[in-house]
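Per-entry structural report
One letter stands for each residue in the lines below.
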Amino acid sequence: MESARIIATVARIVRDVGIAEEIAQDALVSALEQWPRSGVPERPGAWLTATAKHRAVDLVRRRETYARKLAEVGRTLSEESYDPEPSGPDDIDDDVLRLIFTTCHPVLSAAARAALTLRLVGGLRTDEIARAFLVPEATVAARVTRAKRTLAKAGVEFEVPYGEDRAARLGSVLEVVYLIFNEGYAATAGDDLLRPGLCEDALRLARVLAALVPAEGEAQGLVALLELQASRTAARTGPDGRPVLLAQQNRRRWDRLLIRRGFAALERAGDGRSYGPYALQAAIAACHARAASYEETDWATIAALYGQLGALAPSPVVELNRAVAVSMTEGPAAALALVDALAAEPALARYHLLPSVRGDLLARLGRTEEARAEFERAAELTRNESERALLRERGRELGEAGEPARDGAPGEAGEGGPARALGGDA
């Protein structure tokens with residue numbers, strides 16, 4: 001709980017996130033050594049922060065550039081009172097905001113930003129990050145190490161930028177949070193469809209960011225999107241862990257508190273005319289949340305919102321989602337024409353939801369054999385075992401019954417959230 005605050009406070013002093021993390025760890029070791037003898041302080045967070053600050057000031061004073069650093073930083077820090085301990089785990093100060101903007105700096109790759117943010121801000125261990133993204137622990141360790149070196153070499157300032165630079169950096173921050181949630185909401189590979197821990201970490205970061213930059217519409221739009229998507233988590237898998245399609249989900253299991261929070265955040269994002277890409281996705285998710293049943297879903301509005309999203313942030317994945325919505329308003333034949341037009345898109349060449357959606361449309365048109373082939377192709381393309389099992393089951397159902405597959409978009413296409421159907425890599 002205190003790790004991010006301590007690192008953020010120390011990074012403000014030493015201007016190096018790698019050194020800041022080491023000093024924070026030293027402070028935690030000191031606590032483990034002293035507290036069993038002296039007892040846990042009344043304000044443990046303040047004790048840890050003060051200990052880390054003392055060590056940071058000592059380090060600054062030992063540097064060869066002592067005089068200049070002392071004039072700039074050391075004298076002020078030695079005279080100031082230590083920051084009070086925050087009242088709760090969600091009470092985040094400006095230092096943590098600076099840390100988020102630093103770990104999400106555009107000088108780093110998207111993978112490095114995600115790993116470093118989860119490490120320093122989310123407090124995850126290297127092995128936990130590796131397990132979350134299904135990559136070797138050594139790969140994550142190397143990414144984090146390189147990211148720290150890159151930030152130091154580039155001389156990245158530990159600050160919240162302003163003006164045009166702030167707008168550019170904020171986009172990078174939102175993207176990282178979006179990608180982290182995306183991987184948790186619809187895992188790229190592995191046995192499980194969901195990785196709830198990643199969703200929780202991303203939602204926490206989004207809430208923190210939205211609270212610290214309340215005037216930023218897209219920050220509010222992102223938190224609205226994640227609140228609404230997270231509300232469905234309990235209904236997205238069955239007791240055996242198998243995926244449950246949107247049409248079959250028990251909506252009584254949707255979290256009404258998260259839905260209310262999502263609606264409130266969407267209102268803070270502005271009116272519909274000023275929505276950015278995240279707010280538009282949240283508006284789509286809100287249409288599903290408002291519907292008492294799958295049959296009552298306002299697919300016409302969803303199709304229109306996807307049209308706006310495609311105009312604002314063109315993507316073949318957005319067009320694929322729009323096609324699903326069109327299939328629910330104009331029928332599968334109209335949607336199939338849109339999907340077939342996407343077949344030549346290089347970005348969708350190995351995207352399993354393209355043949356998955358096409359298989360659903362063909363099944364609804366009674367073209368059973370073609371649909372079965374599409375579901376098999378989709379199953380071969382996905383790296384997620386839960387999705388693969390579902391797709392193969394749908395193909396078998398067609399073969400056994402000779403009837404159209406169950407109504408509804410396969411996977412998460414058309415659902416309106418940050419699943420890979422909305423371009424998690426974009």
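Criteria and thresholds
Residues numbered from 1 in each chain as written. Predicted model: local features only at pLDDT ≥ 70, side-chain atom pairs only at ≥ 80, totals over all residues. Heavy atoms only, no water. Helix = DSSP H or I, 4+ residues; strand = E, 2+ residues; numbered from the N terminus. Contact = heavy atoms within 4.5 Å. Areas by Shrake-Rupley, 256 points an atom, 1.4 Å probe, with all protein chains shown as cover. Polar contact = N/O pair within 3.5 Å; in protein donor to acceptor, adjacent residues only side chain to side chain. Core = buried A, V, L, I, M, F, W, Y, C linked by side-chain atoms within 4.5 Å. Buried < 20%, exposed > 50% of the residue type's maximum accessible area, 1.4 Å probe, protein only. pLDDT = per-residue confidence, 0-100. Expected span 1.5 Å × (residues − 1). Arc of directions from axis to C-beta. Salt bridge = Lys/Arg side-chain N within 4 Å of Asp/Glu carboxyl O. Axes fitted to C-alpha atoms, helices over the stretch in contact; angles between N-to-C directions. Parallel < 35°, antiparallel > 145°, perpendicular 65-115°, else oblique. Left-handed = near helix turned anticlockwise from the far one by under 90°. Nonpolar A, V, L, I, M, F, W, Y, C, P; charged D, E, K, R; others polar. Phe/Tyr/Trp six-rings, centres within 6.5 Å; stacked < 30°, edge-to-face > 60°. Lys NZ or Arg CZ within 6 Å of the ring centre and 35° of its normal.

**Concerning the overall build of the protein**
Helix and strand counts for the protein come out as 19 helices and two strands. Sequence-distant contacts in the protein: of pairs separated by 6 or more residues, those separated by 24 or more amount to 67%. Working note: accessible area of the protein is about 18800 Å², and carbon and sulfur atoms make up 50% of it.

**Some points on the side chain of Thr382**
Looking at the element boundaries, Thr382 is found in the loop between helix 18 (368-381) and strand 2 (383-384). Separated by 3.2 Å, the side chain of Thr382 and the backbone nitrogen of Asn384 make a polar contact. Apart from the residues lying within four places of it in its own chain, the contact partners of Thr382 are His352, Glu387, Arg388 and Leu391.

**A look at the nonpolar core**
Ranked by internal contacts, the top residues of the largest apolar core, which has 99 residues, are Val10, Leu99, Ile100, Leu209, Leu226 and Leu266. If sequence neighbours within four positions are ignored, Leu99 has contacts with Ala4, Ile7, Ala8, Val17, Leu120, Val121 and Phe158. Val339, Tyr351, Ala363 and Phe375 belong to the second-largest nonpolar core, a separate cluster that totals 22 residues.

**Thoughts on the confidence of the model for the protein**
Note: predicted coordinates in regions of low pLDDT should not be interpreted at a detailed level. Looking at the protein as a whole, the pLDDT averages 82, with 83% of positions reaching at least 70. Taken together, the stretch residues 78-92 has pLDDT below 50 and engages in 30 contacts with residues farther than four places along the chain or on a different chain. Counting contacts from residues 418-426, a segment whose pLDDT is below 50, to residues more than four positions away or on other chains yields 41 contacts.

**Some points on unusual backbone geometry**
One non-glycine residue, Arg15, lies in the positive phi region at around 60°. Examined against the element boundaries, Arg15 turns out to sit in the loop between helix 1 (3-14) and helix 2 (17-38). Look at Arg15 and you get partly exposed, because its relative accessible area is 42%.

**A few points about helix 8 (residues 137-154)**
In this model, helix 8 (18 residues) spans 26 Å end to end at C-alpha, consistent with the 26 Å of a helix rising 1.5 Å per residue. Within helix 8 the residues assigned to the buried category are Val140, Val144, Ala147, Lys148 and Leu151. All buried residues of helix 8 lie within an arc of 95° about the axis, which places them on one face of the element. Facing away from the buried side of helix 8 by over 90 degrees, the exposed positions are Ala138, Arg149 and Lys153. Immediately beyond the C-terminal end of helix 8, within one or two residues, lies Gly155, with a positive phi of roughly 65°.

**Details of the pattern of salt bridges**
In total, this model carries 15 salt bridges according to the counting rule given. Close ionic contact of Arg388 with Glu385 constitutes a salt bridge, the shortest N to O distance being 2.6 Å. Placement of the pair is Arg388 and Glu385 together in helix 19 (residues 385-401), with a separation of three residues, close to one helical turn. Because the salt bridges share partners, they merge into one network encompassing Glu21, Arg119 and Lys148.

**What to know about helix 13 (residues 277-290)**
For helix 13, built from 14 residues, the straight-helix expectation of 20 Å at 1.5 Å per residue is met to within 8% by its first-to-last C-alpha distance of 20 Å. Inspection of helix 13 places Tyr278, Ala279, Leu280, Gln281, Ala282, Ala283, Ile284, Ala285, Ala286, Cys287, His288 and Ala289 among the buried residues, and these make up the whole buried set.

**Structural notes on the packing of helix 2 against helix 3 (residues 44-62)**
Two elements in contact, helix 2 and helix 3, have axes whose closest approach is 9 Å; the angle formed by their N-to-C orientations is 125°. Between helix 2 and helix 3, the interaxial angle falls into the category oblique. The two elements helix 2 and helix 3 meet at a crossing, and its hand is right-handed. In contact with Ile19, Ile23, Asp26, Ala27, Leu28, Ser30, Ala31, Gln34 and Trp35 of helix 2, helix 3 contributes Pro44, Trp47, Leu48, Thr51, Ala52, Arg55, Ala56 and Leu59. The residue makeup of the contact of helix 2 with helix 3, split by class, is twelve nonpolar, three polar and two charged.

**Structural notes on the packing of helix 11 (residues 217-230) against helix 13**
Viewed as axis vectors pointing N to C, helix 11 and helix 13 meet at an angle of 30°, and their least axial separation amounts to 8 Å. Judged on the interaxial angle alone, helix 13 and helix 11 are roughly parallel. Where helix 11 crosses over helix 13, the two elements pack in a sense that is left-handed. Where helix 11 approaches helix 13, its residues Glu218, Gly221, Leu222, Ala224, Leu225, Leu228 and Gln229 are matched on the opposing element by Pro277, Tyr278, Ala279, Gln281, Ala282, Ala285, Ala286 and Ala289. Grouping the amino acids of the contact of helix 11 with helix 13 by side-chain chemistry returns eleven nonpolar, three polar and one charged.

**Remarks on the packing of aromatic side chains**
For the structure on display, the rule yields four aromatic pairs. Ring plane angle 50° and centroid distance 5.2 Å describe the contact between Tyr178 and Tyr278, whose orientation is recorded as tilted. Of this pair, Tyr178 sits in helix 9 (residues 163-185) while Tyr278 sits in helix 13, and the two are 100 residues apart along the sequence. Above the ring of Tyr185, the side-chain terminus of Arg236 is found at 3.8 Å from the ring centroid. The lysine or arginine in question, Arg290, covers the ring of Phe263, its NZ or CZ lying 5.0 Å from the ring centre.

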